[in-house]
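Fold and geometry: a report
The lines below spell out each chain.
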Amino acid sequence: MHKIIHDYYSRKKAHPATLAFFRITFGGLMFLSTLRFWSKGWIETLYVLPEYHFKYFGFEWVTDLGNFTYLLFLLGLISSFFVMIGYKYRLSVITFFLVFTYIELIDKTTYLNHYYLTSCLAFIMCFLPAASYFSVDAFISGKRATAIPVWNVDAIKIFICLVYFFAGIAKINSDWLLEAQPLSLWLKSKYDLPWIGQTLMQSKVTHYLASWFGMIYDVCIPFFLLFSRTKYIAYFFVIIFHILTKIFFPSIGMFPYIMITSAVIFFDSRIHIKILNYLQSLIEKIGLFFVSKSLEINLKPKTIAPNKFIFTLLCCFLFFQLLFPLRYLLYPGELFWNEQGYRFSWRVMLMEKRGDITFKIKDSVANTYFYVKNEDFLTPFQEKQMSFQPDFILEYAHYLGKHFNDKGHQNTQIFVDSFVALNGRPSQRFIDPNFDLLKAQESFSNKDWILPLNDEIKGL
Amino acid sequence: MRKIKLRPVLLIALIFIQCSIDDVSNEFVEEINVGKSEEVSVLTNTDSKDTSQTSFNHQAMLMNWADNIIIPSLSGFESSLIELKTKASEYTSYPNAETLSVLRAVWLDSYLKWQHVEMFDIGTAEEIYFKNRINLFPANIDRIESNIANQEYDLDQSSNFTSQGFNSLDYLLFGLGENDNAINDKYASENSNYSKYLIEVIDKMIALTSEIKEGWNEEFRNSFINSTENTSTSSVNMVLNDFIFYFEKGFRANKVGIPSGVFSDLPLPDRVEAYYSKKHSRLLALEANKAIRNFFNGKYYEDNEQVGLSVRDYLDYLESDEETKLSDKINNQLDSIDSKLNSLNPDFTQQIIQDNLAMLYAFDVIQANVVLLKVDMLQKLNINVDYADADGD
């Protein structure tokens, strides 16, 4: 066993072109994503304008930088571009990881699985020799790698497989498979799609087929991508699947493109070499690299020695990724309802949940109360996200408590009148209306002031 | 090897094709429906309870909204305002007990008709802040008095939004003096500034309403009924967002919540609609609830016996395989609101002073329907509330 691991660690090699190709597409996509985010004006609407930001537990110290938030994004743009071309790679990718993650930590309202995916991939890339080939760094140093330890590539492959696999088993539940929910709700509302909108999208059969196809796809695709015999046909399905999600759910943003390009890493390295050679010929044609011809010939071969620290660290990270999505098992109650352990677990497009919540500020001595107008404190987007997520509700209650205490209110208690609907079920009361939320503090322990869902969702 | 792998793909493709063939006939019927005009919506409605429908005609619903509800209610409101102007002129010429009571009656009639218009805050109405200029309350009586005294004012300024519209008329017709004689005296003198202000406020309401009606010209109406898609800017989404916003703010908060002190430390009994009339606040709220129910159920404005495709039909279509219908729950809740309001004092001010708890209960009954509309209904329709632009996953 030890020998196998040691062989794997030090002997097995991969061609560096694979990682170089991944670096170029990842950096390029991140550059475009950041540009897109900026051009849509979201820096302002999501980070600068809101008076209040919802914080991740333990990261309350991360704040928006006002108008300097734009500088963060500029830094993200520059560093992702440098990652793409492989210039001062290590510094660039670490910068990108820190900047991107910091931005995500400013406000959990904007949490998306694919932002978390981006942070994770950037984190892994901080430790990989991804600029040892076909990069400005390699050109400047005059050396380029001929082979790298295979686990550098495998780290990303395994991580992507985990993402798919967890996304898949999350769909093995009675709502998804037996009720075709929430796809039934979502697809019916796509009546405006040409041709299929008023026909296929309205048919129950389609909803079931799509649900089952989605689940089977997510669970199986990692294995099919890993085996050389099936990987190309599997990639064909990757394209079909993600294009379909983009058509049905345009608001899904860059996610499909990230997955489609990331999955190319599973290809045979000869294909990566071919693509990079083609890219090089393009560059030569444009004459961008003034010495591009010498690029091929003059670079001296370099060996990338395996690094024990990095190897161990990546193993730990992947092990963590294997366990972390399962933390929901430690909590009682329905995961979809309580959302304890829901985020950071690759539960993508998994449920339809909405809520309406009113906060009641009560003076426990005078026995008077009044309701809060949420729009006085939150943006519509924040209010929407807050209305059905317990940790948001608790955090907002404490924010309101502080606000009104600062204004001179006394004996403040905060109660909520909240209703939530899940996957097409009728709305039901969500939070115990007799529980003073100021009595609870955010922690990893179970939130027993959430009323249980009047139904059972069976499954993993 | 590859051929075997492709087999499931072909199978799925075959099933898809099969399904679409089944639905082609329906689609054909659909296109014919769209081609025709109003009669279609009536026809479609007769079988709206038919659960076997395989698609919903969004355009027929939009046509019903535009042609049978929105535009007729605007016309009805406009003619009531013209009548109001006539009676106001008669009154200012001969201010006495009789002309005053006639004027108050047409004012109320027009105010009731307004309850059917306020929720459609789209197009020109939204651009010119129509609802804020017709029905913002409480009226700013200091401002009204100073406008009348100084004779220097511009009703188009936003600072004057609370010194025009129905609640200013309410003050001018009910609140100017201790009794009717005292009120009549204000208008008695020749070239009375009160008379002038009264007429100008009504003229402004007519001008604004005509502008809105003009905004609903053929071109706008056609683009409205053709905007059938499900996007943040499509007609269905905008009207329903406005509808829910109206229900939550214009109806729930303004008419009941704010005066009963739900959003403040103490009750604010002077914040009711038509405060100076001292008797119409309940009637106006009941009429608003009726307008809400009419819209939800697609009832024609001019003839409540006639119905066209509505939100209710849309919900029933989406819930065709459900036992208990959300639309029934909503209608039941609207009934509860109706009976709850009916149990209150005709003058909400009195109700709040004497027994505010009953008023707060009424608020709760209305709030329960906010949840049904905003959470349950929008989930079924998959429409975003207060559209927030950001990615999702």
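Residues numbered from 1 in each chain as written. Chains lettered and ligands numbered in written order. Predicted model: local features only at pLDDT ≥ 70, side-chain atom pairs only at ≥ 80, totals over all residues.

Quick word on the overall build of chain B
Per the secondary structure count, chain B includes 16 helices and zero strands. Looking at the 393 residues of chain B, the share that counts as buried comes to 45%. Excluding contacts between residues fewer than 6 apart, the proportion of contacts in chain B whose partners are at least 24 apart in sequence is 73%. (Helix = DSSP H or I, 4+ residues; strand = E, 2+ residues; numbered from the N terminus. Buried ≥ 20, exposed ≤ 12 C-beta atoms within 10 Å, placed from the backbone. Contact = placed C-beta atoms within 7 Å.)

So, the overall build of chain A
In terms of helices and strands, chain A carries 19 helices and seven strands. In terms of its C-alpha atoms, chain A occupies a principal-axis envelope of roughly 85 × 50 × 50 Å. Residue burial in chain A is summarised as follows: out of 460 residues, 40% are buried.

Focus: the sheet that holds strand β2 (residues 143–149) of chain A
Hydrogen bonds along the backbone pair up the strands of a sheet, which may run parallel or antiparallel. Residue and element names in this part refer to chain A. Spatially, three strands are ordered β1-β2-β3 in an open sheet, and the strand pairing comes out mixed. Each edge of the open sheet is held by one strand with a lone partner, namely β1 (13–14) and β3 (300–303). Inspection of the sheet shows β2 paired to β3 by four bridges, in the parallel sense. Opposite A145, over in β3, you have K302 as the bridge partner. (Pairing = 2+ DSSP bridges.)

Description of the packing of helix α12 (residues 235–257) of chain B against helix α13 (residues 281–297) of chain B
Residues and elements named next belong to chain B. Running from N to C, α12 and α13 cross one another at 165°; their axes reach a closest spacing of 11 Å. One element, α12, and the other, α13, form an angle in the roughly antiparallel class. Note that α12 runs across α13; the crossing there is left-handed. Within the contact between the two elements, α12 uses F243, F247, F251, K255 and V256 and α13 uses A285, A288, I292 and F295. Its residues assigned to classes, the contact of α12 with α13 shows eight nonpolar, no polar and one charged. (Axes fitted to C-alpha atoms, helices over the stretch in contact; angles between N-to-C directions. Parallel < 35°, antiparallel > 145°, perpendicular 65-115°, else oblique. Left-handed = near helix turned anticlockwise from the far one by under 90°. Nonpolar A, V, L, I, M, F, W, Y, C, P; charged D, E, K, R; others polar.)

Re the interface of chain B and chain A
Facing the 40 residues of chain B at the interface are 47 residues of chain A. Breaking the side of chain B that touches chain A down by element, the ones donating at least two residues are α1 (2–35) and α16 (348–381) of chain B. Of the residues belonging to the side of chain B that touches chain A, the class tally is 16 nonpolar, 10 polar and 14 charged.

Some points on the environment of S110 of chain B
All names here are of chain B. Tracing the backbone through its elements, the reader meets S110 in helix α4 (residues 97–114). A residue is classified by how many C-beta atoms lie within 10 Å of it, and S110, with 25 of them, is buried. C-alpha separation for the pair S110 and S232, spaced 122 residues apart in sequence, amounts to 33 Å.

Side note on the pairing of strand β5 (residues 368–371) of chain A
Relative to β5 of chain A, strand β4 (residues 353–363) of chain A runs antiparallel, the two being bridged by four bridges. Each bridged residue has a counterpart across the sheet, and for D363 of chain A the counterpart in β5 of chain A is T368 of chain A.

Brief notes about the pairing of β4 of chain A
All names here are of chain A. Summarising the sheet, β4 and strand β6 (residues 412–422) pair through 11 bridges and their orientation is antiparallel. Paired with I361 across the bridge in β6 is I414. Between β4 and the antiparallel strand that follows it, β5, lie four residues; N367 among them carries a positive phi value of about 60°.

Thoughts on the sheet that holds β6 of chain A
Spatial strand order, β5-β4-β6-β7 (chain A): four strands in an open sheet with antiparallel pairing. Two strands in the sheet have a free side with no partner beyond their single neighbour: β5 and β7 (428–429) of chain A. In the packing of helix α19 (residues 390–406) of chain A onto the sheet, the strands contacted are β4 and β6 of chain A, and the crossing angle to β6 of chain A comes to about 150°. Sheet contacts for α16 of chain B: β4 and β6 of chain A; angle to β4 of chain A, the most-contacted strand, approximately 155°.

Considering helix α6 (residues 113–125) of chain A
One turn of the α-helix equals 3.6 residues, which is why residues spaced by three or four share an orientation. Residues and elements named next belong to chain A. Here α6 spans 18 Å end to end across 13 residues, near enough to the 18 Å set by a 1.5 Å rise per residue. For α6, the full list of buried residues reads H114, Y115, L117, T118, S119, C120, A122, I124 and M125. Check the buried side of α6 and you find it contacts α2 (16–39), α5 (89–106), α8 (151–169), α13 (255–262) and α16 (308–323). (Expected span 1.5 Å × (residues − 1).)

Overview of unusual backbone geometry
Across the chain, the bulk of peptide bonds are trans and the bulk of non-glycine residues have phi less than zero. Across the junction of Q181 of chain A and P182 of chain A, the peptide omega takes the value 5°, indicating a cis bond. Cis peptide bonds are those with omega within 30 degrees of zero, and the linkage from F137 of chain B to P138 of chain B qualifies with 10°. Within the secondary structure layout, P138 of chain B lies in the loop between α6 (130–134) and α7 (141–150). Of note, the phi angle at Q151 of chain B is positive, near 60°, even though the residue is not glycine. Of note, Q151 of chain B is situated in the loop between α7 and α8 (166–175). Take Q151 of chain B: there are 9 C-beta atoms within 10 Å of it, and that puts it in the exposed class. Positioned with a positive phi, K278 of chain B is a non-glycine residue whose angle comes to about 60°. Within the secondary structure layout, K278 of chain B lies in the loop between α12 and α13. Using a count of 16 C-beta atoms within 10 Å as the deciding quantity, one classes K278 of chain B as partly exposed.

Some details on the domain arrangement of chain A
Residue and element names in this part refer to chain A. In terms of domains, chain A is made up of domain 1 (2–327) and domain 2 (352–439). With centres defined by C-alpha atoms, the gap from domain 1 to domain 2 works out at 37 Å. At the interface, 11 residues of domain 1 touch 12 residues of domain 2. Considered class by class, the residues forming the side of domain 1 that touches domain 2 number six nonpolar, two polar and three charged. (Domains from an automatic or database assignment.)

Structural notes on the packing of helix α15 (residues 326–342) of chain B against α16 of chain B
All names here are of chain B. Two elements in contact, α15 and α16, have axes separated by 9 Å at closest approach and are oriented at 165°. When the interaxial angle is binned, α15 and α16 end up roughly antiparallel. Crossing handedness for the pair α15 and α16: left-handed. Judged by residue contacts, L326, K329, I330, Q333, L334, S336, I337, K340 and L341 of α15 engage Y361, A362, V365, I366, A368, N369, L372, L373, D376, M377 and K380 from α16. Residues belonging to the contact of α15 with α16 are distributed by class as follows: 13 nonpolar, three polar and four charged.

Describing α19 of chain A
Residue and element names in this part refer to chain A. Given a rise of 1.5 Å per residue, 17 residues ought to cover 24 Å, and the 24 Å separating the end C-alpha atoms of α19 matches this to within 8%. All of the buried residues along α19 are P390, D391, F392, I393, L394, E395, Y396 and A397. Buried positions along α19 lie against α17 (335–338), β4, α18 (380–386) and β6. After α19 finishes, the residue G408 shows a positive phi value of roughly 100°.

Re the nonpolar core
Ranked by size, the top nonpolar core spans 196 residues in total, and within it A20, F96, A130 and I393 of chain A together with L62 and I292 of chain B carry the most contacts. The element best represented in this core is helix α3 (residues 58–93) of chain B, accounting for 14 residues. Built from parts of two domains, this core gets at least three residues from each of domain 1 (2–327) and domain 2 (352–439) of chain A. Counting residues in hydrophobic clusters, the runner-up holds eight residues, among them A180, L183, M201 and A210 of chain A. (Core = buried A, V, L, I, M, F, W, Y, C linked by C-beta atoms within 7 Å.)

Concerning the environment of I239 of chain A
On the secondary structure map, I239 of chain A appears in helix α12 (residues 231–248). With 13 C-beta atoms counted inside 10 Å, the residue I239 of chain A sits in the partly exposed group.

Considerations on the confidence of the model for chain B
All names here are of chain B. Averaged over every residue, the pLDDT of chain B is 88; residues scoring 70 or more account for 85%. Low pLDDT, under 50, characterises residues 1–51; the stretch is placed with 48 contacts to residues that sit more than four places away or in other chains. Across the whole predicted complex the pTM is 0.90, and at the interface the ipTM reaches 0.93. (pLDDT = per-residue confidence, 0-100.)

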